[in-house]
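Residue-level structural notes
Take a look at the letters that make up each chain.
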Amino acid sequence: MTTIGFSLELDSGAVTSLAGLPVVAACRHGGAVVFSDGKRLYRIGGDTDDGAPIAARLTLPATDCGQPGPKRLLGLILEGRIDGETAVSAQSSDGSVLEGTAGPVGSEGLPGRTMARLGRGRGEHWQAAIASSARGAFDLGAVTLVALPLDRRLA
């Protein structure tokens, strides 16, 4: 997974764009999301850009969902707080492209759980993306892919 970020020099106000950051690990620490590129730590935060909504996009690496062989991706479960509607998409190694929506879910201090139901594509590996441009909270604690294994004899 790679990201695009910005670094703000507080003394001068200079902004530097950081593209292609290879995210090695991400976690929640002290109420903030922190990620590392293996050398440095970055804190992710904020809910507006000078009053305008911040578009947030997360693309997960391709996975076999812990199940070898062909499968259908039924949906993505999102846990946390999402104030607006969030677009979810997934693409399989077989070329299926699925789209759905999730949210809003959760409230101040109370995370929730919602599922974005997807279509009927198939594939052995799936890559999912989550995109939100809504004003308000977009605070994910967990993302789970829900897969249904298919009969390997029919593959």
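The present account deals with the structure reproduced in this document. Please read these numbers as outputs of a predicted model, since none were measured by experiment.

Digging into the nonpolar core
Core analysis: the biggest nonpolar cluster contains 18 residues, and Leu73, Leu76, Leu78, Val88, Leu118, Trp126 and Leu145 have the highest contact counts within it. Of all the secondary-structure elements, those providing two or more residues to this core are strand E9 (71–82), strand E10 (86–92), strand E11 (97–102), strand E13 (126–132) and strand E14 (138–149). Looking at this core, the element that brings in the most residues is E9, giving four residues. Excluding residues within four positions of it along the chain, leucine 118 makes contact with Leu73, Leu74, Gly75, Leu76, Val88, Ala90, Leu98, Glu99 and Gly100.

So, unusual backbone geometry
The omega torsion across glycine 103 and proline 104 is -5 degrees, close enough to zero to call that bond cis. Within the secondary structure, proline 104 sits in the loop between E11 and strand E12 (112–117). Of note, cysteine 65 is a non-glycine position whose phi angle comes to about 60 degrees, a positive value. By the secondary structure assignment, cysteine 65 is in the loop between strand E8 (56–59) and E9. For cysteine 65, a relative accessible area of 23% gives the class partly exposed.

A word on the sheet that holds strand E3 (residues 25–29)
To summarise the sheet geometry, strands pair through backbone hydrogen bonds and adopt either a parallel or an antiparallel arrangement. Taken in spatial order, the three strands line up as E3-E4-E5 in an open sheet, and their pairing is antiparallel. Each edge of the open sheet carries a strand with a single partner, namely E3 and strand E5 (41–44). Strand-to-strand twist in this sheet, taken as the mean axis angle between neighbours without regard to direction, amounts to 30 degrees. Examined bridge by bridge, strand E4 (residues 32–36) and E5 share four bridges and lie antiparallel to one another. Along E5, the bridge assignment pairs serine 36 with leucine 41.

With respect to the pattern of salt bridges
Pairing between side chains becomes possible if they bear opposite charge and their charged atoms approach one another. Under the definition given, this model contains two salt bridges. As a salt-bridge pair, arginine 113 and glutamate 79 come within 3.8 Å of each other at their nearest N and O atoms. Here arginine 113 is found in strand E12, whereas its partner glutamate 79 is found in strand E9, with 34 residues between them in sequence.

Rules behind the numbers
- Residues numbered from 1 in each chain as written.
- Predicted model: local features only at pLDDT ≥ 70, side-chain atom pairs only at ≥ 80, totals over all residues.
- Heavy atoms only, no water.
- Core = buried A, V, L, I, M, F, W, Y, C linked by side-chain atoms within 4.5 Å.
- Buried < 20%, exposed > 50% of the residue type's maximum accessible area, 1.4 Å probe, protein only.
- Helix = DSSP H or I, 4+ residues; strand = E, 2+ residues; numbered from the N terminus.
- Contact = heavy atoms within 4.5 Å.
- Pairing = 2+ DSSP bridges.
- Axes fitted to C-alpha atoms, helices over the stretch in contact; angles between N-to-C directions.
- Salt bridge = Lys/Arg side-chain N within 4 Å of Asp/Glu carboxyl O.

So far we have only geometry, and geometry alone does not tell us how the molecule works.
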